Amino acid sequence: MEVFDFHGEEVDECPRCGGLWFERGELDSALSSANNGDDNVQMEQQLYTRLRNYHRDCHACERVLTQQPLLPGHDLEVNACRSCLGVFVDHDCREMIVHSPQLQRDLAELNGDTGVKTWVFQFLSKMPVEFNIKPRTTPWLVYLLILINVAQFGLELAYPNWMQWTYDNLTLRPDQVMAGQQLWSLLTNMFIHGSVAHLLGNMYFLYVVGDNLEDVLGRWRFLAIYLACGLVGGVAQVLSDPGSDIPILGASGAVAGLFGMYLMWFRHASLTFMLWIFQKKLSPAWFFGIWLVINVIGVVQQGEGVAYWAHIGGFISGLVVGIAWRQRIMDANPVLAMLNHPKLQVLR
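Sequence order sets the numbering: in each chain, residues are counted from 1 along the sequence as written. A pLDDT threshold of at least 70 governs which residues receive local features in this predicted model, and a stricter bar of 80 or more applies before side-chain atom pairs are shown or counted, although totals over entire chains, interfaces and linings include all residues. Side-chain numbers come from the whole structure's heavy atoms, not from hydrogens or water.

Q: Quick question: what am I supposed to make of the overall build of the chain here?
A: In this description a helix means any DSSP run of H or I spanning at least four residues, a strand means any run of E spanning at least two, and both kinds are numbered starting from the N terminus. Regarding its fold elements, the chain presents 15 helices and 10 strands. C-alpha extents for the chain along the principal axes are approximately 80 × 40 × 35 Å. Per-residue burial for the chain yields a buried fraction of 48% across its 348 residues. When contacts within the chain are restricted to residue pairs at least 6 apart in sequence, those whose partners lie at least 24 apart make up 65%. Positive and negative side-chain charges in the chain, numbering 23 and 33 respectively, have mean positions lying 6 Å apart. In this scheme, a residue with accessible area under 20% of its type's maximum is buried, one over 50% is exposed, and one in between is partly exposed, where area comes from a 1.4 Å probe on protein chains only. Should any heavy atoms of two residues lie within 4.5 Å, those residues are counted as being in contact. Charged residues are defined here as Lys and Arg on the positive side and Asp and Glu on the negative side; His and the ends of the chain fall outside this count. The atoms used to mark charge sites are NZ of Lys, CZ of Arg, CG of Asp and CD of Glu.

This is the structure in structure tokens:
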């Protein structure tokens, strides 16, 4: 063994495998330093469930080490000695060990109960409640997009002439776009809404899923993808009925694109679903799966008044981005990658 400095704690490192040996208390001390001096780090107390014997003997007392889960609900494992309470960490687990205190806090939030407040909110508003990790940065761009949409709607209500001009020049009409006219409306239509319910619904979902996406993407990349998804959604709606002169408006296509990325990067999150008075936490796969089925049914039944193809087109474009950039996002966000582990257990 060789001496190795691990976040201010001198521990023993195996020169052959790169594993680290922590005497009793050293793991908590190192993790406390790695997490900005958090004195509440007590990861060693989690070592209580023996899984199986490990192929290595204890560095201190030469007894057989046992593999044990460091966190309940996650398969992050360490190798501990029940005799001297030392801990051996494999080289491949070093990065995950550093982030384990944050992961522990995140799991506590994700596994929170719905409670009376969330039930009352959803029962009255018909909107889901999200259980997800808190973004590291303030979603200023999401706030700005919401402000622009609300301000535009306010101007429509306050000034009838502005409303008429907006509907004539900024909403999306498939027949005009197919004729090469008002092509800018493919973008401008996503900032216009036809009713208070339409506006509130889109802005609520923009806030719910947008804050985490802006956090991992960065502001300007988030904006570019948001607009691109709205553009794809608009094109899909135009192509579905190119001769229509019915105006298309709303941020639904762009927000649906956020759904696709959220589904790929935040599988650990939960969104509440309410059927009559019964509330249930669902995974994003189930929640957006139900939403997608509703939109497909709308297309099949040729329902009017809703731009179903804009929703589907935006969602697919976001899904493509989510798949293409998934590894990049996970590499840049190690805690998010740990939360996306297929064996992660989230209470729903």
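Now, onward.
Q: Honestly, the domain arrangement of the chain in this entry has me stumped. Any pointers?
A: Interfaces are often sized by the amount of accessible area the parts lose when they come together. The domain limits used here are those given by an automatic or database domain assignment. Under the domain assignment, the chain is made up of domain 1 (2–111) and domain 2 (116–340). Spacing between the C-alpha centres of domain 1 and domain 2 amounts to 42 Å. Accessible area, probed at 1.4 Å, shrinks when two parts are joined; the buried area is that loss added up over both. Taken over both partners, the interface formed by domain 1 and domain 2 buries close to 960 Å², and the fraction arising from carbon and sulfur atoms is 71%. Basic side-chain nitrogens of Lys or Arg form a salt bridge, by our definition, when they fall within 4 Å of a carboxyl oxygen of Asp or Glu. Remark: the boundary between domain 1 and domain 2 carries 0 salt bridges. Of all the secondary structure elements, the ones that give two or more residues to the side of domain 1 that touches domain 2 are helix H2 (94–98) and helix H3 (100–110). A per-element tally of the side of domain 1 that touches domain 2 places H3 first, with 6 residues.

Q: What is the right way to read the environment of Pro 69 from this model?
A: The topology assignment puts Pro 69 in strand S5 (residues 64–69). As a C-alpha pair, Pro 69 and Asn 79 span 10 residues in sequence and 8.7 Å in three-dimensional space.

Q: Would you explain the sheet that holds strand S8 (residues 130–131) in this entry?
A: Think of a sheet as strands paired side by side through backbone hydrogen bonds, with each pair either parallel or antiparallel. What the 3 strands build is an open sheet, ordered S8-S9-S10; its pairing is antiparallel. Each of the sheet's edge strands pairs with one partner strand only, and the pair in question is S8 and strand S10 (278–282). When DSSP finds at least two bridges between two strands, those strands are taken to pair. Bridging between S8 and strand S9 (residues 270–275) involves 2 bridges; their strand directions are antiparallel. Residue Glu 130 lies in a different strand from S9, and its bridge partner there is Leu 271. To define axes, lines are fitted to C-alpha atoms, for helices over the stretch in contact only, and angles between the resulting N-to-C directions are given on a 0 to 180 degree scale. Its contacts with the sheet place helix H4 (residues 115–125) against S9 and S10, and it is angled at close to 60° to S9.

Q: Quick question: what am I supposed to make of the side chain of His 193 here?
A: Positionally, His 193 belongs in the loop between helix H8 (185–188) and helix H9 (196–217). Judged by relative accessible area, His 193 falls into the buried class, the value being 1%. Under this definition, polar contacts are N or O atom pairs within 3.5 Å; protein pairs additionally need one hydrogen-donor-capable and one acceptor-capable atom, and for neighbouring residues in sequence, both atoms have to be side-chain atoms. A distance of 3.3 Å separates a polar side-chain atom of His 193 from the backbone nitrogen of Ala 251.

Q: Would you mind going over the pairing of strand S6 (residues 77–80) with me for this structure?
A: The two faces of a sheet get side chains in turn, since along a regular strand they alternate between them. Judged from the 4 bridges that link them, S5 and S6 form a sheet pairing that is antiparallel. When the sheet's bridge partners are listed, Gln 67 is paired in S6 with Asn 79. Pairing geometry for S6 and strand S7 (residues 87–89), over 2 bridges, is antiparallel. Counted as the bridge partner of Ala 80 is Val 87 from S7.

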